[in-house]
Amino acid sequence: HAEAAGFQAAIDGTDGVHWALPLPDTTKEHLLQGYLPVLKPDDAARREAAARVIENSEALVSYCLRALGAPGPYMASQLSDPGNCPDTRFAKHIDSALRHVVAALLSPQGLQADIVRQKEREREGIAHSLLPKYAVGGGLAYLRERISVPRDMSWAAARQLRAHLTAVM
């Protein structure tokens, strides 16, 4: 349905807004009004997301590495690929990137201030990361697209984690 396209793009993050920082204000965003009863304050959602990443850090590194390894057998579901072989060469890079995500989630304003500083550094020609973009971007995008609500965390926490993963990528 045509009227559902905006909602689908917001949920899937393909609109370039709902999985990116700064996140839209949920009290003013018309597409999110129906979610108000399940939302928690941004700082609480960021802490929940950080806790889930910390609790599952080893498994998440391995999971992200599946995006970089050899593909496994074909699966009918687009995002299901349990047979992929992780490329362990990038384990330290993915671990470091996830640590950056957790640090940003636990900072008082999330990654908002860091993004402003980063844009200033880029204008000055200072490289922003020693992490390989292919590995970090591919692994974090793989994770971002497969966060399950409510299995992995609340909707509010997943919203924060997806946006912070996108920013670090």
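What counts, and at which threshold
Residues numbered from 1 in each chain as written. Predicted model: local features only at pLDDT ≥ 70, side-chain atom pairs only at ≥ 80, totals over all residues. Heavy atoms only, no water. Helix = DSSP H or I, 4+ residues; strand = E, 2+ residues; numbered from the N terminus. Expected span 1.5 Å × (residues − 1). Buried < 20%, exposed > 50% of the residue type's maximum accessible area, 1.4 Å probe, protein only. Contact = heavy atoms within 4.5 Å. Phe/Tyr/Trp six-rings, centres within 6.5 Å; stacked < 30°, edge-to-face > 60°. Lys NZ or Arg CZ within 6 Å of the ring centre and 35° of its normal. Salt bridge = Lys/Arg side-chain N within 4 Å of Asp/Glu carboxyl O. Core = buried A, V, L, I, M, F, W, Y, C linked by side-chain atoms within 4.5 Å. Polar contact = N/O pair within 3.5 Å; in protein donor to acceptor, adjacent residues only side chain to side chain.

**Remarks on helix α6 (residues 133–144)**
Line of reasoning, step 1. When the terminal C-alpha atoms of α6 are compared, their 16 Å separation across twelve residues agrees well with the 16 Å that a helix rising 1.5 Å per residue should span.
Line of reasoning, step 2. Burial within α6 is extensive, with nine of its twelve residues counted as buried.
Line of reasoning, step 3. Of all the positions in α6, only Ala 135, Val 136, Gly 137, Gly 139, Leu 140, Ala 141, Tyr 142, Leu 143 and Arg 144 are classed as buried.
Line of reasoning, step 4. Where α6 is buried, its residues contact α3 (57–65), α4 (91–106) and α7 (155–168).

**Examining the environment of Gly 137**
Line of reasoning, step 1. Residue placement: Gly 137 occurs in helix α6.
Line of reasoning, step 2. Note on Gly 137: relative accessible area 14%, which makes it buried.
Line of reasoning, step 3. Taking the C-alpha atoms as reference points, Gly 137 and Ala 167, 30 residues apart in sequence, are found 10.0 Å from one another.

**Some points on the packing of aromatic side chains**
Line of reasoning, step 1. If you walk through the whole model with that rule in mind, you get one aromatic pair.
Line of reasoning, step 2. Ring centres 5.2 Å apart and planes at 55 degrees place the aromatic pair Tyr 63 and Tyr 142 in the tilted group. Separated by 79 residues along the polypeptide, Tyr 63 in helix α3 and Tyr 142 in helix α6 bring together distant segments of the chain.
Line of reasoning, step 3. Its guanidinium or amino end placed over the ring of Tyr 142, Arg 146 lies 3.7 Å from that ring's centre, counting from NZ or CZ.

**A word on the pattern of salt bridges**
Line of reasoning, step 1. One pass over the full model with this rule turns up seven salt bridges.
Line of reasoning, step 2. For the salt bridge of Glu 55 with Arg 52, the shortest nitrogen-to-oxygen distance reads 3.7 Å. Taken together, the positions of Glu 55 and Arg 52, both in helix α2 (residues 42–55) and three residues apart, correspond to about one turn of that helix.
Line of reasoning, step 3. Classification of Arg 52 by relative accessible area gives partly exposed; the value is 28%.

**What to know about the nonpolar core**
Line of reasoning, step 1. Core analysis: the largest hydrophobic core is formed by 26 residues, its most contacted members being Leu 98, Leu 140, Leu 143, Ile 147, Met 153, Leu 161 and Leu 165.
Line of reasoning, step 2. Counting only elements with at least two residues in this core, the list comes to α2, α3, α4, α6 and α7.
Line of reasoning, step 3. Looking at this core, the element that brings in the most residues is α4, giving six residues.
Line of reasoning, step 4. In this view, Met 153 contacts Glu 48, Ala 49, Arg 52, Ile 147, Ser 148, Ala 158 and Leu 161; residues no more than four positions away in its chain are not counted.

**A closer look at the side chain of Ser 154**
Line of reasoning, step 1. When you line up the elements, Ser 154 lands in the loop between α6 and α7.
Line of reasoning, step 2. Here Ala 157 takes part through its backbone nitrogen, which lies 3.2 Å from a polar atom of the side chain of Ser 154.
Line of reasoning, step 3. Beyond its immediate chain neighbours, meaning those up to four positions away, Ser 154 contacts Lys 40, Glu 48 and Val 149.

**Section: the environment of His 93**
Line of reasoning, step 1. Among the secondary structure elements, His 93 is positioned in helix α4.
Line of reasoning, step 2. For His 93 and Val 136, which are 43 residues apart along the polypeptide, the C-alpha to C-alpha distance reads 6.7 Å.

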